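Residue-level structural notes
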Amino acid sequence: MSKSNKNKSKKHQSKMDFKGMAFFFKIRDVLKPPIQKIKKSKIKPGDYVLDYGCGPGSYSFAAIDVIGASGKIYCADIHPVAIESVKKKAAKKGLSNMETILTDCNTNLPNNSIDVIICFDVMHAIDDQSKLLKEFHRVLKSNGFLSFDDHHYEEEEIMNIISADGLFELTENIDNFYNFKKKKNASLNE
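Residues numbered from 1 in each chain as written. Predicted model: local features only at pLDDT ≥ 70, side-chain atom pairs only at ≥ 80, totals over all residues. Heavy atoms only, no water.

Let us now look at helix 5 (residues 129-139). Most of helix 5 is tucked away: 8 of the 11 residues are buried. On its buried face, helix 5 is in contact with strand 2 (48-52), strand 5 (114-120), strand 6 (140-149), helix 6 (155-163), strand 7 (168-173) and strand 8 (178-182). (Buried < 20%, exposed > 50% of the residue type's maximum accessible area, 1.4 Å probe, protein only. Helix = DSSP H or I, 4+ residues; strand = E, 2+ residues; numbered from the N terminus. Contact = heavy atoms within 4.5 Å.)

Turning our eyes to something else, we now look at the confidence of the model for the protein. With 81% of its residues at a pLDDT of 70 or more, the protein has an overall mean of 87. Taken element by element, the predicted model of the protein shows its lowest mean pLDDT in strand 1 (residues 2-4) (43) and its highest in strand 2 (98). Across residues 1-10, confidence stays below pLDDT 50; counting only partners more than four residues off in sequence or on other chains, it has 30 contacts. (pLDDT = per-residue confidence, 0-100.)

Attention shifts here to helix 6. Within the span of helix 6, buried status applies to Ile158, Ile161 and Ile162. The buried residues of helix 6 all sit within an arc of 90 degrees when viewed along its axis, so they share a single face. Buried residues in helix 6 make contact with helix 5, strand 6, strand 7 and strand 8. (Arc of directions from axis to C-beta.)

On to the pattern of salt bridges. For the structure on display, the rule yields 7 salt bridges. Residue lysine 87 pairs with glutamate 84 through a salt bridge whose shortest N-O separation is 3.4 Å. With lysine 87 and glutamate 84 both in helix 4 (residues 80-93) and 3 residues apart, the pair spans about one turn of that helix. Of the charged contacts, one joins glutamate 135 and arginine 138 as a salt bridge, the two residues approaching to 2.8 Å between their closest N and O atoms. Of this pair, glutamate 135 and arginine 138 both sit in helix 5, 3 residues apart, which is roughly one turn of the helix. A relative accessible area of 21% means that arginine 138 is categorised as partly exposed. (Salt bridge = Lys/Arg side-chain N within 4 Å of Asp/Glu carboxyl O.)

The next point concerns the pairing of strand 5. With 7 of 7 residues buried, strand 5 is to be regarded as a mostly interior element. As judged from the 3 bridges shared by strand 2 and strand 5, these two strands associate in the parallel manner. Residue pairing in the sheet places leucine 50 in a bridge with isoleucine 117 of strand 5. In the classification by handedness, the crossover that spans strand 5, the intervening helix 5 and the parallel strand 6 is right-handed. (Pairing = 2+ DSSP bridges. Right-handed = clockwise from strand over helix to strand, strands pointing away.)

Mapped onto the elements, isoleucine 174 comes out in the loop between strand 7 and strand 8. Residues isoleucine 174 and serine 41, spaced 133 residues apart in sequence, show a C-alpha to C-alpha distance of 9.4 Å. Not counting residues within four places of it along the chain, the set of residues in contact with isoleucine 174 comprises Lys40 and Asn179.

Let us look at the state of the cysteines. Overall, the coordinates contain 0 disulfides when judged by the stated rule. Considering cysteine sulfurs only, cysteine 75 is the nearest to cysteine 54, which forms no disulfide, with 5.0 Å between them. When its relative accessible area of 0% is taken as the criterion, cysteine 75 is described as buried. (Disulfide = S-S within 2.5 Å.)

Right, let's get into the environment of lysine 40. Of note, lysine 40 is situated in helix 2 (residues 35-40). Between the C-alpha atoms of lysine 40 and asparagine 173, which are 133 residues apart in sequence, the distance is 9.3 Å. If we ignore the near neighbours within four places in the chain, the residues touching lysine 40 are Glu172, Ile174, Asp175, Phe177 and Asn179.

Now the structure itself:
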């Protein structure tokens, strides 16, 4: 099953560029297995997870091993080739608890439906970071977490970006990997 948002305001990379990036990720995944980041996140068995900017799905497939059959993972990306790649891999593995979402911000997920959002090496490519963080806040459960890593930013920049709208508070920094908790009484004024 797939969700779609036809409101694309940002041009995505070419199919060839995406395939080159996916090849690079295969090498990266051998040197730095995705499960290493997943273990630093707040993901646990049975969780509903949003992998925002999933690309070819490296972290999604690592996370599905943690959440198990009782959890679910939503793989969101702006690039149609990423979505098709993840769909094919999920079908090949017979995964019924993995769903793709083609989007550049609005996930169309229900309010308060996600336990953990993983946003790894994506934020630097987002034009409207505030809008995306509001979407994250909207879909996270009241005790939900945003697990964040983006090597394009220094710690101070990360803190400024994620805490700018007062929607999240840092709970831990593990070797420049950040877990932020959703603030319950934050305002989502546009």
